[in-house]
Amino acid sequence: MIEFKNVDFAYESDSLVLENINLKINDGEFVFIVGSSGAGKSSIFKLLRREEVATKGEVIVGGYNLSRLSNKDIPTYRRTLGVVFQDFRLIKSMTVYENVAFALRVTNVSSRDIRRRVPYILGLVGLGPKAKKYPDQISGGEQQRVSLARALVNNPALIIADEPTGNIDPALAFDIMHLLFEINRAGTTVLVVTHDMKLVDKFGGRVITIENGKVESDVVKESKL
Amino acid sequence: MRGGTFRYLSKQGLSSLSKNKLMTFASIGVLSACLFLISAALLLSVNLNSIIRYVEEQNEIVIFLDDLSEEKLAEADNQIRAIEGLNSVTFVSKADALKEQAAELGDAILEGLQDDNPLPDSYRIKISAYTDLALTVSSLEAIEGVIQVNAPSNLAETLASIRQTVLIISISVVTALILVTMVVIANTIKLTVFARKLEINIMKQVGARNNFIRFPFMIEGGTLGFLAAVVSIIFSLSAYQAILALTAKESASWMSAVYNNLIPLADLWWIIVIINITIGVITGVISTIASVKKHLKV
């Protein structure tokens, strides 16, 4: 599903941020990517979203070779992903419902399908009763659930989450993580970039550690739940 | 694009105009002023052209002929009429010329000249394009029997240079104002693009195509241009109508000559409507594309 082959990455003429990364993540896996600040985790996230292109090597996701992907094909590729951001990235002038529906509208989904799918997904993340609220009227944890609902609504085969619990309370962070595991159990591959080792230790699973732009370890930890 | 999506995007573009009312009004104000000046430059240019054409028509080439036999005269007549670009050719026989002189100076002065008329046969010629005057004069001079060609060469040159100057100034003014129009629209759209930066970023992340993202902004820019064009059309046609009414009242003879050669509103209102709407909408859409471009590189 996801493959990094001898990947180097640098921002323009700067020194290498990622060096000789080799990774393989299979369909249906739940993977944590951890590491300290500046280790290169976010660069991996950017490469996966095709916001940046590898300086050397190949990144292959769901059959798309991102190093060779033309600008024209980027939107088609991104529609196969669900992305969750640390800062939620919700549009404040839109209700919870509209924020989720928005992801379908931009991909030209019919109004009938939007009316059918959005309430279903909001129910799935437990936000059905808050559909008409605006982002400022709900908690941080709920905002992240909206962001998760938006990532899920296109029924993606892969969800990548960049520090999804970074801006919310520890109790709510557990809920979000739990939700991501539920989504994974339903068959979706989930990749979580985080520096929250407490959560990683609690949930366990495959943990890839990045330090100084290199893969330091790739191990499977046991769950303490 | 689905009908529902088209309606959604159009609504987004139009709602942005009503959300930023103050900016919308300010932009329409500046834009309509630019479009009004463009209309004024065009109206001035077409009317000056019409007046210059009138002045040109008042002047004619006069050629004088030698004493020619009837055959030679017929031959010269054929050759003159065969020259291209002549609007009218009037033959004035020596007898007619004498009658004209008598009418102007009084019969007594010309008494006795009937039997020995010193005036030559002549032609009075009006041409369609004064830019071709030199060529026409040399063609006339080459005809056998033509002894003199009197042509208003200096006037032709002056009129040609006035016409060219008016054309250059009009094109420069219109180009400069179109650029100003584009900058004004681009700046207005930039503000709304900036306000919706996050929205654009999210659209890109969930796989929206660039045209989808641009569309509401293009609707916004095009609508701004259209509304400004409507304001400009109302003001420019009303002002033109007022000028026509004012010159019509003027009794001075030169003023009535000007008035008679101003183009009536009925003949050019549609040009002003088409030009304003075309420039307004097209510059609105083009400058929008430029404003959004930067934010699409995600």
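Within each chain, residue numbers correspond to sequence positions counted from 1 in written order. Numbering of ligands from 1 and lettering of chains from A proceed in the order in which they are written. Residues qualify for local features only when their pLDDT is at least 70, as the model is predicted, and side-chain atom pairs are given and counted only at 80 or more; totals for whole chains, interfaces and linings, by contrast, use all residues. Think of the side-chain values as coming from all heavy atoms in the structure, minus any hydrogens and water.

Visitor: How do you make sense of the sheet that holds strand E6 (residues 81-84) of chain A when you look at a structure like this?
Guide: Strand-to-strand pairing in sheets goes through backbone hydrogen bonds, with the strands running parallel or antiparallel. All names here are of chain A. Only strands that DSSP links by at least two bridges are regarded as paired with each other. Put simply, DSSP H or I for four residues or longer makes a helix, DSSP E for two residues or longer makes a strand, and each gets a number counted from the N terminus. The strand order across the open sheet formed by 6 strands is E6-E7-E8-E3-E9-E10, and the pairing between neighbours is mixed. Looking along the sheet, the strands with just one partner apiece sit at the ends: E6 and strand E10 (214-221). Taken over all neighbouring pairs, the strand axes of this sheet differ in orientation by 15 degrees on average, direction set aside. For strand E3 (residues 30-34) and strand E8 (residues 189-194), the ladder comprises 5 bridges, and the chain directions are parallel. Bridging from a neighbouring strand, Ile 33 pairs with Val 193 of E8. Contacts are assigned to residue pairs that have any heavy atoms within 4.5 Å of one another. To obtain an axis, a line is fitted to C-alpha atoms, over the contacting stretch when the element is a helix, and the angle between two such axes runs from 0 to 180 degrees between their N-to-C directions. In the packing of helix H1 (residues 41-48) onto the sheet, the strands contacted are E3, E6, strand E7 (158-162), E8 and strand E9 (205-211), and the crossing angle to E7 comes to about 145 degrees. Here helix H5 (residues 140-152) sits on the sheet and contacts E6 and E7; the angle it forms with E6, its principal contact strand, is near 170 degrees.

Visitor: How should I be thinking about the interface of chain B and chain A in this particular structure?
Guide: In many reports, interface size means the accessible area that the parts give up when they come together. At the interface, 17 residues of chain B touch 22 residues of chain A. Buried area: the accessible area, evaluated with a 1.4 Å probe, that two parts lose upon being put together, summed over both parts. Buried surface at the junction of chain B and chain A, summed over both partners, amounts to about 1,900 Å²; 56% is from carbon and sulfur atoms. When the buried area of chain B at its contact with chain A is split by residue, Gln205(B), Val206(B) and Arg209(B) rank highest and sum to 32% of it. A pair is scored as a salt bridge if a Lys or Arg side-chain nitrogen falls within 4 Å of a carboxyl oxygen belonging to Asp or Glu. Counting the contacts that link chain B with chain A gives 0 salt bridges. Looking at the side of chain B that touches chain A, the elements that each hand over two or more residues are helix H1 (3-19) and helix H8 (197-205) of chain B. Here the side of chain B that touches chain A takes 7 residues from H8(B), the largest share from any one element. For this classification, the nonpolar set comprises Ala, Val, Leu, Ile, Met, Phe, Trp, Tyr, Cys and Pro, the charged set comprises Asp, Glu, Lys and Arg, and every other residue, Gly included, is treated as polar. For the side of chain B that touches chain A, a count of residues per class yields 9 nonpolar, 4 polar and 4 charged.

Visitor: Teacher, can you tell me more about the pattern of salt bridges here?
Guide: Here the idea is simple: oppositely charged side chains can pair when their charged atoms come close. All names here are of chain B. Applying the stated criterion across every chain, the model contains 17 salt bridges over all chains. Between Glu 100 and Arg 124 there is a salt bridge, with the nearest N and O atoms lying 2.6 Å from each other. Of this pair, Glu 100 sits in helix H4 (residues 94-105) while Arg 124 sits in strand E3 (residues 122-127), placing them 24 residues apart in sequence. Burial classes follow relative accessibility: with a 1.4 Å probe on protein chains only, a residue under 20% of its type's maximum area counts as buried, one over 50% as exposed, and anything between as partly exposed. The class of Glu 100 is partly exposed, set by a relative accessible area of 32%.

Visitor: Just to check I follow, could you spell out helix H3 (residues 70-82) of chain B for this structure?
Guide: Counting along an α-helix, one turn takes 3.6 residues, and residues three or four places apart therefore face a common direction. Residue and element names in this part refer to chain B. With 13 residues, H3 extends 18 Å from end C-alpha to end C-alpha; this agrees with the ideal 18 Å at 1.5 Å per step. Buried residues of H3: Leu 73, Ala 76, Asp 77 and Ile 80, and no others. In an axial view of H3, the angular spread of the buried residues amounts to 105 degrees, which keeps them on one side of the axis. When the buried face of H3 is taken as reference, the exposed residues oriented beyond 90 degrees from it are Glu 71, Asn 78 and Ala 82. At its buried positions, H3 is contacted by strand E1 (61-65), strand E2 (86-92), E3 and helix H6 (133-141). How far a helix is expected to stretch is found by multiplying one less than its residue total by 1.5 Å. The arc in question is traced by the directions running from the helix axis to the C-beta atoms.

Visitor: Can you walk me through the confidence of the model for chain B in this structure?
Guide: Any region with low pLDDT has predicted coordinates that should not be read closely. Here chain B averages 84 in pLDDT, and 95% of its residues register 70 or above. Within chain B, helix H9 (residues 210-249) of chain B carries the highest mean pLDDT (90), whereas helix H5 (residues 107-110) of chain B carries the lowest (68). Per-residue confidence from the predictor is reported as pLDDT, a score between 0 and 100.

Visitor: I tried to follow the packing of aromatic side chains on my own but got confused; where do I start?
Guide: Two aromatic rings are characterised by how far apart their centres lie and by the angle between their planes. Residue and element names in this part refer to chain A. Pairs were defined over the aromatic rings of Phe, Tyr and Trp, the Trp ring being its six-membered one, requiring ring centres within 6.5 Å. Orientation was assigned from the angle between planes: stacked under 30 degrees, edge-to-face over 60, tilted for the rest. Overall, the coordinates contain 9 aromatic pairs over all chains when judged by the stated rule. Judged by centre distance (6.5 Å) and plane angle (50 degrees), the ring pair of Phe 32 and Phe 181 falls under tilted. Separated by 149 residues along the polypeptide, Phe 32 in strand E3 and Phe 181 in helix H6 (residues 170-185) bring together distant segments of the chain. Summarising the burial analysis for this pair, Phe 32 and Phe 181 share the class buried. Where Phe 45 meets Phe 85, the ring centres are 6.0 Å apart and the plane angle is 90 degrees; that geometry is what we call edge-to-face. Note that Phe 45 is positioned in helix H1 and Phe 85 in the loop between E6 and helix H3 (96-105), a separation of 40 residues in sequence. The residues Phe 45 and Phe 85 share a single accessibility class, namely buried. These aromatic residues form a ring-pair network of at least three members: Phe 30, Phe 32, Phe 174, Phe 181 and Phe 203. Either the NZ atom of lysine or the CZ atom of arginine qualifies as a charge over a ring when it sits within 6 Å of the ring centre and within 35 degrees of the ring normal. The residue whose ring lies beneath Arg 89 is Phe 85, and the NZ or CZ to ring-centre distance is 4.0 Å.

Visitor: Please clarify how unusual backbone geometry should be interpreted in this entry.
Guide: Glycine aside, residues mostly have negative phi, and peptide bonds are mostly found in the trans state. Residue and element names in this part refer to chain A. Notably, Asn 6 is not glycine yet its phi reads approximately 45 degrees, a positive angle. Mapping Asn 6 onto the fold places it in strand E1 (residues 2-9). Accessibility expressed as a relative area gives 40% for Asn 6, which makes it partly exposed. Unusually for a residue other than glycine, Asn 20 sits at a positive phi of about 50 degrees.

Visitor: Just checking my understanding: could you explain the domain arrangement of chain A for this structure?
Guide: Residues and elements named next belong to chain A. Note that domain bounds follow an automatic or database assignment of domains. We note that the domain assignment places domain 1 (1-80 + 159-225) and domain 2 (90-155) within chain A. Between domain 1 and domain 2, the C-alpha centre-to-centre distance is 24 Å. The interface is formed by 10 residues belonging to domain 1 together with 12 residues belonging to domain 2. Roughly 940 Å² of surface becomes buried between domain 1 and domain 2 when both sides are summed, with 74% attributable to carbon and sulfur atoms. Of all residues in domain 1, Arg 79, Ile 176 and Leu 179 bury the most surface against domain 2, accounting for 48% of the area lost on that side. Where domain 1 packs against domain 2, one counts 1 salt bridge. With a closest N to O distance of 3.7 Å, Arg 145 and Asp 175 form a salt bridge. Identification of polar contacts relies on pairs of N or O atoms within 3.5 Å, with a donor-acceptor requirement for protein atoms, meaning one able to donate a hydrogen and the other able to accept it, and with residues adjacent in sequence counted only if both atoms are side-chain atoms. The interface formed by domain 1 and domain 2 includes 1 residue pair in polar contact (both at pLDDT 80 or more).

Visitor: Got a minute to help me understand the sheet that holds strand E2 (residues 18-25) of chain A in this structure?
Guide: Residue and element names in this part refer to chain A. If you trace the 4 strands from one edge of the open sheet to the other, you get E2-E1-E4-E5, paired in antiparallel fashion. If you trace the sheet from one side to the other, it starts and ends with E2 and strand E5 (64-65), each paired once. Pairing geometry for strand E4 (residues 56-61) and E5, over 2 bridges, is antiparallel. Within E5, the position partnered with Ile 60 by the bridge is Asn 65. In the packing of H1 onto the sheet, the strands contacted are E1, E2 and E4, and the crossing angle to E1 comes to about 120 degrees.

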